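Below are the chains, spelled out letter by letter.
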Amino acid sequence: MNKFLISFFLVLFALLPTKSFAQYITISPTGNSNIKIKNIKEAGDGYPNNYKTKKVKAKMSVTFNNASKNQNQKWQILISKQDTFWDDELQIWLKGKKKKGVDSGANQFKQIKNYDIDFLGGKGKVSNVQLEFEIRNISITIPAESYSTELVFTIIEE
Amino acid sequence: MKIWISILFFMMSLHISGQSTDYWEVNLTLPQIALLDIEPNNATIELEADVPNNPGGELNTGEGIDNSKWINYTSTSTLSSPTKNVIMEIIQGQVPSGMEVRVNASNHSGSKGAGTFGTSVGTIILSNSPQTIISDIGGAYTGNKKNNGHNLTFSLHIVNYELMNELEDSNILLVSYTLMDN
């Protein structure tokens, strides 16, 4: 029995350091994150057709604890949202700009849902990938309330 | 032994599925809006009781009808206050004795607008007390300018000849329209 215990702890200690060789994603909002809504001045008017907010921006970085992965480790970022209080009519569209190290999913807006979808794929360490989102489908028919949600970025190694 | 192998695989699976997450908060406030106006303008309308066509006949109120005005509105709802009404009242002047001014608002018409439009309550008799003319407006916009929104029809009616007074031969009424929460 003692042999088993010793073996187990040896394996455990061997594995623990490798587990800490993880990848990390960091989102850093930039600029003004206040979302302004266009003023309606004339009674009878609604918001313009296809009205969407100005873009809100952030920078994204992918890093590794293990420097050996900085070059070629493939990764995939999944995106979803977790609503605190949100109206389903309000659509959030997110785009990541193309950069070296980002191989797939860049330069196209994707609508964020309440479940994970593929957002960006790439390999190695990248930094300062520009992200931007806008909110679409804003309408007078949506109750005038304060809405809040969180975009959830999850990176996985491939 | 089996237990150790299971624990070993568990540890390995932790290693394989290592992942990291970050968050970006999104806050959005949609403003409350309550806008109303009268189209094509708020110029005075004239409701006239002409002299009878024949001696002994009734005063002719055939000219006493006007349907040139439209109500336009843009209105948001909130969860605590989902609907609004349009209220009308005379805020200055008096209807001549023995006469009534009636107002009817149509239901929404026009090619523009969207949302939960209000419902006409039918015809009301204008008075110095506020009265609902359109009810249950949700989040909606009627479209702008005349021929969009709710068409107003004003009409003058003689209800009691005995009370009519020729000294009150011209009365100007100032009428207010208010879009307010239910």
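Everything below is about the structure printed above this text.
Throughout this document, residue positions are counted from 1 along each chain, in the order its sequence is written. The order in which chains are written sets their letters, starting at A; the order in which ligands are written sets their numbers, starting at 1. For this predicted model, a pLDDT threshold of at least 70 governs which residues receive local features, and a threshold of 80 or more governs which side-chain atom pairs are given and counted, while totals over whole chains, interfaces and linings are taken from all residues.

**Concerning the overall build of chain B**
Across its full length, chain B carries one helix and 12 strands. Reading chain B from its N end, one meets helices and strands in the order α-β-β-β-β-β-β-β-β-β-β-β-β. Neighbour density around each residue's C-beta defines its exposure: 20 or more other C-beta atoms within 10 Å make it buried, 12 or fewer make it exposed, and counts between make it partly exposed, where C-beta atoms are placed from the backbone. Going through the 182 residues of chain B one by one, you find that 26% of them count as buried. Residues are treated as contacting if the C-beta atoms built from their backbones sit within 7 Å of each other. For chain B, the share of sequence-separated contacts (at least 6 apart) that also reach a separation of at least 24 residues comes to 77%. Working definition: helices are DSSP H or I runs of at least four residues, strands are E runs of at least two. Numbering for both runs from the N terminus.

**Some words on the overall build of chain A**
Summing up its helical and strand segments, chain A has one helix and nine strands in all. Long-range pairs, those at least 24 residues apart, make up 77% of the contacts in chain A with a sequence separation of at least 6.

**What to know about the interface of chain A and chain B**
If you look at the interface, chain A gives 44 residues, while chain B gives 44 residues. Looking at the side of chain A that touches chain B, the elements that each hand over two or more residues are helix 1 (2–19), strand 1 (23–30) and strand 9 (146–157) of chain A. With 12 residues, the top contributor of residues to the side of chain A that touches chain B is strand 9 of chain A. Under the grouping applied here, Gly and all other residues not named as nonpolar or charged are polar, the nonpolar ones being Ala, Val, Leu, Ile, Met, Phe, Trp, Tyr, Cys and Pro and the charged ones Asp, Glu, Lys and Arg. Taken together, the residues of the side of chain A that touches chain B break down into 28 nonpolar, 10 polar and six charged.

**With respect to the sheet that holds strand 8 (residues 126–136) of chain A**
All names here are of chain A. For two strands to be treated as a pair, DSSP must find at least two bridges joining them. Across the sheet, five strands lie side by side as 1-2-8-4-6; this open sheet has antiparallel pairing. Strand pairing shows two members of the sheet lacking a second neighbour, strand 1 and strand 6 (110–111), which therefore form its edges. Sheet analysis places strand 4 (residues 91–96) next to strand 6, joined by two bridges and oriented antiparallel. Looking at strand 6, one finds that Leu94 is bridged to Lys110.

**Re the nonpolar core**
For this entry, the nonpolar core is defined as buried Ala, Val, Leu, Ile, Met, Phe, Trp, Tyr and Cys residues connected by C-beta atoms within 7 Å. Judged by nonpolar contacts, the single largest core of 26 residues is most densely connected at Ile77, Ile79, Leu94 and Leu151 of chain A. The set of elements that each furnish at least two residues to this core consists of strand 2 (56–64), strand 3 (74–85), strand 4, strand 7 (117–123), strand 8 and strand 9 of chain A together with strand 1 (19–29) of chain B. Dropping the residues within four chain positions of it, Leu94 of chain A is found in contact with Ile79, Phe109, Lys110, Ile112, Leu131, Phe133 and Leu151 of chain A. Formed by 21 residues, the second largest nonpolar core is a distinct cluster that contains Tyr73, Ile134, Ile137 and Phe154 of chain B.

**Here's the deal with the environment of Gln108 of chain A**
With respect to the helices, strands and loops of the structure, Gln108 of chain A is situated in the loop between strand 5 (102–104) and strand 6. For the pair Gln108 of chain A and Leu94 of chain A, spaced 14 residues apart in the sequence, the C-alpha separation amounts to 8.0 Å.

**Looking at unusual backbone geometry**
Residues and elements named next belong to chain B. Omega for the bond connecting Glu39 with Pro40 falls within 30 degrees of zero, at 5°, which places this linkage in the cis form. We note that Lys145 has phi near 80°; this positive angle belongs to a residue other than glycine. Within the secondary structure, Lys145 sits in the loop between strand 10 (140–141) and strand 11 (150–158).

**Some points on the sheet that holds strand 9 (residues 131–137) of chain B**
Residues and elements named next belong to chain B. Taken together, four strands build an open sheet; the order of strands is 7-9-4-12 and the sheet is antiparallel. Looking along the sheet, the strands with just one partner apiece sit at the ends: strand 7 (119–120) and strand 12 (174–181). Relative to strand 9, strand 7 runs antiparallel, the two being bridged by two bridges. Directly across from Ser120, in strand 9, lies its bridge partner Ile134.

**Considerations on the pairing of strand 8 of chain A**
Residue and element names in this part refer to chain A. Of the strand pairs in this sheet, strand 2 and strand 8 are connected by six bridges, and their pairing is antiparallel. Residue pairing for strand 8: Met60 is matched across the bridge by Val129. As paired elements, strand 4 and strand 8 share six bridges and run antiparallel to each other. Counterpart to Leu94 in the pairing with strand 8 is Phe133.

Any link to function would need more than the numbers given here.
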